[in-house]
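Observations on the three-dimensional arrangement
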Amino acid sequence: MKKILILGGGLSGLAAGIRALELGYIPTIIEKNEYAGGLCTSYVRNGSINDLCIHYLLGIGNEPMKEIYKHFGCLNNASIIKLPYLFRFYYFDKTITVSRDLNQFKNELLSYAEIEDIKEVKRFIKYIKNMEYFPMIAKKSTEIMTRFEYILTGMSYLKHMPSYSKISRVSIEEYANRFKSDILKSFILSFMPKSFSIVYLIGLIAKFVTGNADILNISSKDFSYNVLDKYLSLGGKILYNEEVLKLEYNDNKISKVITKNNSFTDFDFVINAIPLNYFYNNILDEKYRTDLVYKEINDLDNNKILSSFIVFFEVKKEYSHQIPHYFILNNKNNIDVAGNINPSIGFRSYDYIHNSDNTITISAIVDQDYKNYSFWEELKYKSTYEQYKNDKAKELILMLEERFSFLHGLIEISDIITPLSFNKWGNVLYGGYLSNLSTKTSTRGIFEVKSSYVSNLYHAGQMVYMIGGIVGALINGKFAVEVIDYHNKKSR
Ligand SMILES: Cc1cc2nc3c(=O)[nH]c(=O)nc-3n(C[C@H](O)[C@H](O)[C@H](O)COP(=O)(O)OP(=O)(O)OC[C@H]3O[C@@H](n4cnc5c(N)ncnc54)[C@H](O)[C@@H]3O)c2cc1C
């Protein structure tokens, strides 16, 4: 039986491990941390569970993706929570609720529309409808499809193309400017950074209305531990505290993987499930880099990363029913975090996760770009670091109290996370837990699973698969092994 060494024990590495066992390979995962799950995690601080990942699980309804979630054990001991609405946007004394019923949503938008906006609101809804059931390639990697399967896959996108081609090259900022009404403009600007393609907002709403963007009643750590449990139950092996530092090569093959404490030589194939941008910049030898990938992952103005400054708050559980599960507040006080003044700030209330101390956690998620990273790096070594983080957290508390006056004086800070934390935990460059995101000038090509220059190296991980996130991580872990299996069988 052939052996696969998997670098990185995040969701993608774990999914690769499971698929390897199913296809008759012997996998070993080596992971730098002392826990698995990578970015899909949560932790306990003073009795409250601070969740770092799942805001929406794409494809959780009835797409092929639900099968993938089931296959990897993600849904064990969990049930799907059908969210009452995607999010609620507060703008001074007005609100917009992104409801599942598109007519209701349309009427709400129309109620705020100026005469000139009416056509644009209708077009917005039309784009959403056209993006419903936008297919995800989950069954087979395009790299090993037959010509016929490839053409069929291409054809399944045809009916979505009218909308996709009109919106994918439009930034959120440009799209917002199509509206005259201030609240409609601000609503469009509210969900993601303004340079991202509007396709993200339209695509997410389309997923939500079709039941394909909901959550589970478990924490992100329990979600990834479900996948770990499945891997271990099939006989998989994972070694912790093994940070990969360097590779050695022989005849265009990886011959040795060197970690901080060990070295590994007993493998036939290597799957890289370490974040692609870190692996390319720090581990893979320069001469084995594919130019396209190297250029694109480092072109951070056109292919964005998303990081966050996150504050976890605790409030008494009795208030949970008065706080929306996801809400966005207009940043009318112009809170500046690390040089970024976001037009609005998102908050998540975790009323479905049970803290042991009769509280619920609310998180504030303030978007950060790679440009903010040096601010945090410089601040880290100054005595004012803790003070700065706390001051920002207090500004966010004021924002919450202004909106929900019943919370006045009752909000406690549980913990504060900066982009530096994401980098430390996961080796994601600039703390970008989502990377290679599309802008209107995005140059994103297709990253191949099989390395062009190193014959036993294959890539998994969210950054390799277009959609990214948990979906990208799981699918691409699966694909990496299936592509190995394809080439392995062919070479026999
Ligand atoms: C705040 C936040 C919110 C998010 N929200 C969502 C959401 O709502 N929906 C969604 O789908 N996704 C979301 N994500 C993204 C999701 O968590 C990731 O896309 C997914 O977990 C990535 O999995 P991965 O296995 O590809 O990578 P990772 O989780 O990054 O796993 C890589 C693994 O490699 C390890 N590693 C790194 N360097 C080395 C090394 N040198 N040697 C050995 N091991 C190494 C890391 O420790 C890690 O375990 C969110 C992430 C965050 C942080």
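Residues numbered from 1 in each chain as written. Predicted model: local features only at pLDDT ≥ 70, side-chain atom pairs only at ≥ 80, totals over all residues.

1. Considerations on helix 1 (residues 11-22)
Stated precisely, the cut-off is as follows: Under the scheme used here, helices are H or I runs from DSSP no shorter than 4 residues and strands are E runs no shorter than 2 residues, and both carry numbers assigned from the N terminus. Residue count minus one, scaled by 1.5 Å, sets the expected span of a helix. With C-beta atoms placed from the backbone, a residue counts as buried when 20 or more other C-beta atoms lie within 10 Å of its own, as exposed when 12 or fewer do, and as partly exposed for counts between those limits. We call two residues in contact if the C-beta atoms placed from their backbones are at most 7 Å apart.
Helix length check: helix 1 (twelve residues) gives 17 Å between terminal C-alpha atoms against 16 Å at 1.5 Å per residue, within 8%. Burial analysis of helix 1 places ten of its twelve residues in the buried class, which makes it a mostly covered element. Every buried residue of helix 1 is accounted for by Leu-11, Ser-12, Gly-13, Leu-14, Ala-15, Ala-16, Gly-17, Ile-18, Arg-19 and Ala-20. In this structure, the buried side of helix 1 is in contact with strand 1 (3-7), strand 2 (26-30), helix 10 (220-233), strand 14 (269-272) and helix 16 (469-491). Immediately beyond the C-terminal end of helix 1, within one or two residues, lies Gly-24, with a positive phi of roughly 90°.

2. Examining the site of the ligand
The cut-off we apply is this: A residue counts as near a molecule or strand when its C-beta atom, positioned from the backbone, falls within 6 Å of it. Just so you know the grouping, Ala, Val, Leu, Ile, Met, Phe, Trp, Tyr, Cys and Pro go in nonpolar, Asp, Glu, Lys and Arg go in charged, and all remaining residues, Gly too, go in polar. Per the annotation, domain bounds derive from an automatic or database assignment of domains.
In the region of the ligand, 40 residues are neighbours, and Gly-8, Gly-10, Gly-38, His-55 and Gly-469 sit closest. Residue assignment for the shell around the ligand shows that the elements contributing at least two residues are helix 1, helix 15 (419-426) and helix 16. Per-element accounting of the shell around the ligand gives the leading share, four residues, to helix 16. Here the shell around the ligand is built from residues that sort into 22 nonpolar, 15 polar and three charged. Shared between two domains, the shell around the ligand takes at least three residues from each, and those domains are domain 1 (3-40 + 220-299 + 443-491) and domain 3 (303-430).

3. Notes on the nonpolar core
Test applied: Put simply, a nonpolar core is buried Ala, Val, Leu, Ile, Met, Phe, Trp, Tyr and Cys residues tied into one set by C-beta atoms within 7 Å.
Residues Leu-7, Ile-202, Ile-205, Ile-271 and Ala-480 are the most contacted members of the largest nonpolar core, which totals 144 residues. If one sorts the elements of this core by residue count, helix 16 sits on top with ten residues. In this view, Ile-205 contacts Leu-86, Val-98 and Ile-128; residues no more than four positions away in its chain are not counted.

4. As for the environment of Asp-391
Structurally, the position occupied by Asp-391 is in helix 14 (residues 385-403). Using a count of 11 C-beta atoms within 10 Å as the deciding quantity, one classes Asp-391 as exposed. Taking the C-alpha atoms as reference points, Asp-391 and Glu-242, 149 residues apart in sequence, are found 37 Å from one another.

5. A word on the domain arrangement of the chain
According to the domain assignment, the chain contains domain 1 (3-40 + 220-299 + 443-491), domain 2 (98-210) and domain 3 (303-430). Averaged C-alpha coordinates put domain 1 and domain 3 at centres separated by 32 Å. Counting residues at the interface gives twelve residues for domain 1 and six residues for domain 3. Looking at the side of domain 1 that touches domain 3, its residues break down into four nonpolar, five polar and three charged.

6. Quick notes on the sheet that holds strand 13 (residues 263-264)
This is how the line gets drawn: One bridge is not enough; two strands pair if DSSP finds at least two bridges between them.
One open sheet holds the three strands; their spatial order is 11-12-13, and the pairing between them is antiparallel. Either end of the sheet is taken by a strand with one partner, and the two such strands are strand 11 (244-250) and strand 13. Where strand 11 and strand 12 (residues 253-259) come together, six bridges link them in antiparallel fashion. Paired with Leu-247 across the two strands is Val-257, which belongs to strand 12.

7. Focus: the packing of helix 1 against helix 10
The condition that has to hold: To get an axis, fit a line to the C-alpha atoms, keeping to the stretch in contact for a helix; angles then go from 0 to 180 degrees between the N-to-C directions. Working rule for angles: under 35 degrees goes down as roughly parallel, over 145 as roughly antiparallel, 65 to 115 as roughly perpendicular, anything else as oblique. The handedness criterion is simple: a crossing whose near helix is rotated anticlockwise from the far helix by less than a right angle is left-handed, and one whose near helix is rotated clockwise is right-handed.
The N-to-C vectors of helix 1 and helix 10 enclose an angle of 25°; their axes lie 9 Å apart at closest approach. In terms of orientation, helix 1 lies roughly parallel with respect to helix 10. Crossing of helix 1 over helix 10 shows left-handed handedness. Residues Leu-11, Leu-14, Ala-15, Gly-17 and Ile-18 of helix 1 touch helix 10, and the partners they reach there are Ser-224, Val-227, Leu-228, Lys-230 and Tyr-231.

8. A closer look at the pairing of strand 1
Within strand 1, four of the five residues are buried, which leaves it mostly tucked inside the rest of the structure. The sheet contact formed by strand 1 and strand 2 spans five bridges and is parallel. Looking at the pairing, Leu-5 lines up with Thr-28 of strand 2. Summarising the sheet, strand 1 and strand 14 pair through four bridges and their orientation is parallel. Considered in strand 14, the bridge of Leu-5 is made with Val-270.

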